[in-house]
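Here are the chains, one letter per residue:
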Amino acid sequence: MPRATTRPQPAGREPGAAPAAPLAPTPSQTIGPFFGYALPFPGGGQIAPAGHPDTVTVHGLVRDGTGAPVPDALLEFWQAGPDGSLTGAPGSLRRDPATGAVIGRDGVDFTGFGRVPTDADGRYVLRTLPATAPAGRPDAAPYLAVCVFARGLLHHLATRVYFPEHATAHAADPLLAQLPTERARTLLARADGPGRYRFDVQLQQTADGTHEETVFLAFR
């Protein structure tokens, strides 16, 4: 005579109990980082067309919460074109049609996009055209949009770079106007010579308060 069998129940669950609630997604995790192996491309920090007379240099340091430089971070920059357009132009990631290798920009078109790794001292350098405000946003001050990837970050961080010569426009900018003065200063580059600006990225405020955390943005 056949014997009755019962299906094994998961540990901690009584027979006939309602199914357990779905498990939450596993949180993001970091391994690596491996930014330097595939993402940088030739001329990634040369957004301005070669020889353009209006080229400016933006440079700086990426620091962690102890104030130490981060030598393997990666920064991506986006900016509006000289006419305020946000469509950009193709060409940043051109490939050799024969080998498929990334050969970078054509040196002529302004694409509005750059990707720059930090060096062994945590420094980066970007050469681009002066920032402009996006078209159709008369209340916005000119800025560069920045995306930061670095060790220990579960998600990339987004921030902006504003420039000192646009101080009048800063007062009406929708982002800067809602920030306390001391926090807004973390988004302001400082002049560092003719056509040069210094902008450091502080991933976390240092314990002694020497370096204040850069304002990072959440997009909803």
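It should be noted that the structure appears before, not after, this text.
Residues numbered from 1 in each chain as written. Predicted model: local features only at pLDDT ≥ 70, side-chain atom pairs only at ≥ 80, totals over all residues. Heavy atoms only, no water.

## A word on the nonpolar core
The line we're drawing: By convention a nonpolar core is built from buried Ala, Val, Leu, Ile, Met, Phe, Trp, Tyr and Cys residues, the set being connected through side-chain atoms within 4.5 Å. When a residue's accessible area, from a 1.4 Å probe over protein chains only, is under 20% of the maximum for its type it is buried; when over 50% it is exposed; and in between it is partly exposed. Contacts are assigned to residue pairs with any non-hydrogen atoms lying within 4.5 Å of each other.
Counting residues in each nonpolar core, the largest one holds 28 residues, and the members touching the most others are Leu75, Phe77, Leu144, Phe163, Val201 and Leu203. Setting aside its immediate chain neighbours within four residues, Leu203 contacts Val62, Arg63, Asp64, Val70, Val148, Ala150, Leu157, Glu213 and Phe216. Ala141, Tyr143, Ala184 and Leu187 belong to the second largest nonpolar core, which has 8 residues in total.

## Topic: the pairing of strand β7 (residues 143–149)
Here is the key point about a regular strand: its side chains alternate between the two faces of the sheet. Operational definition: Secondary structure is summarised from DSSP: a helix means a run of H or I of at least four residues, a strand means a run of E of at least two, and numbering begins at the N terminus for each. For two strands to count as paired, DSSP must find a minimum of two bridges between them.
Within β7, 5 of the 7 residues are buried, leaving the element largely enclosed by the surrounding structure. Inspection of the sheet shows strand β2 (residues 74–78) paired to β7 by 5 bridges, in the antiparallel sense. Bridge pairing in β7 places Trp78 opposite Ala145. Sheet topology places β7 next to strand β8 (residues 157–162); 6 bridges connect them, and they run antiparallel. Bridge pairing links Cys147 to Ala158 in β8.

## Notes on the packing of aromatic side chains
Our working rule: Here is the rule: rings of Phe, Tyr and Trp (six-membered ring for Trp) pair when centre to centre is within 6.5 Å. Planes less than 30 degrees apart are stacked, more than 60 are edge-to-face, and the remainder are tilted. Two thresholds decide whether a charge sits over a ring: the Lys NZ or Arg CZ must be within 6 Å of the ring centre and within 35 degrees of the ring normal.
Counted under the stated rule, the structure contains 5 aromatic pairs. On the numbers, 5.6 Å between centres and 50° between planes, the contact of Trp78 with Phe113 is tilted. Placement of the pair is Trp78 in strand β2 and Phe113 in strand β5 (residues 113–117), with a sequence separation of 35 residues. When the ring centre of Tyr143 is taken as reference, the NZ or CZ atom of Arg160 above it lies at 4.0 Å.

## Regarding the sheet that holds β8
Here is the rule we go by: Axis definition: a line fit to C-alpha positions, over the contact stretch in the case of helices; interaxial angles, taken between N-to-C directions, run 0 to 180 degrees.
Taken together, the 4 strands give an open sheet; going across it, the order is β5-β2-β7-β8, and neighbouring strands pair in antiparallel fashion. At either end of the open sheet lies a strand with only one pairing partner, and these are β5 and β8. Taken over all neighbouring pairs, the strand axes of this sheet differ in orientation by 25° on average, direction set aside. Across 5 bridges, β2 lies against β5 in antiparallel orientation. Bridge pairing links Glu76 to Arg115 in β5.

## Focus: the environment of Gly44
Mapped onto the fold, Gly44 is located in the loop between α1 (35–38) and β1 (56–63). Residue class for Gly44 comes out buried when judged on its relative accessible area of 4%. Sequence-wise, Gly44 and Gly114 are 70 residues apart; in three dimensions their C-alpha atoms are separated by 5.2 Å. Contact partners of Gly44, with chain neighbours within four places excluded, come to Arg105, Gly114, Arg115 and Val116.

## Describing the side chain of Asp173
Just so we agree on the cut-off: The definition of a polar contact used here is a pair of N or O atoms within 3.5 Å, where within protein one atom must be able to donate a hydrogen and the other to accept one, and adjacent residues in sequence count solely through side-chain atom pairs.
Residue placement: Asp173 occurs in the loop between α2 (167–170) and α3 (181–184). A distance of 2.9 Å separates polar atoms of two side chains, one belonging to Asp173 and the other to Tyr162. Polar side-chain contacts of Asp173 include one of 3.1 Å to the backbone nitrogen of Leu176. Look past the residues within four positions of Asp173 in its chain and what remains in contact with it is Asp139, Ala140, Ala141, Arg160 and Tyr162.

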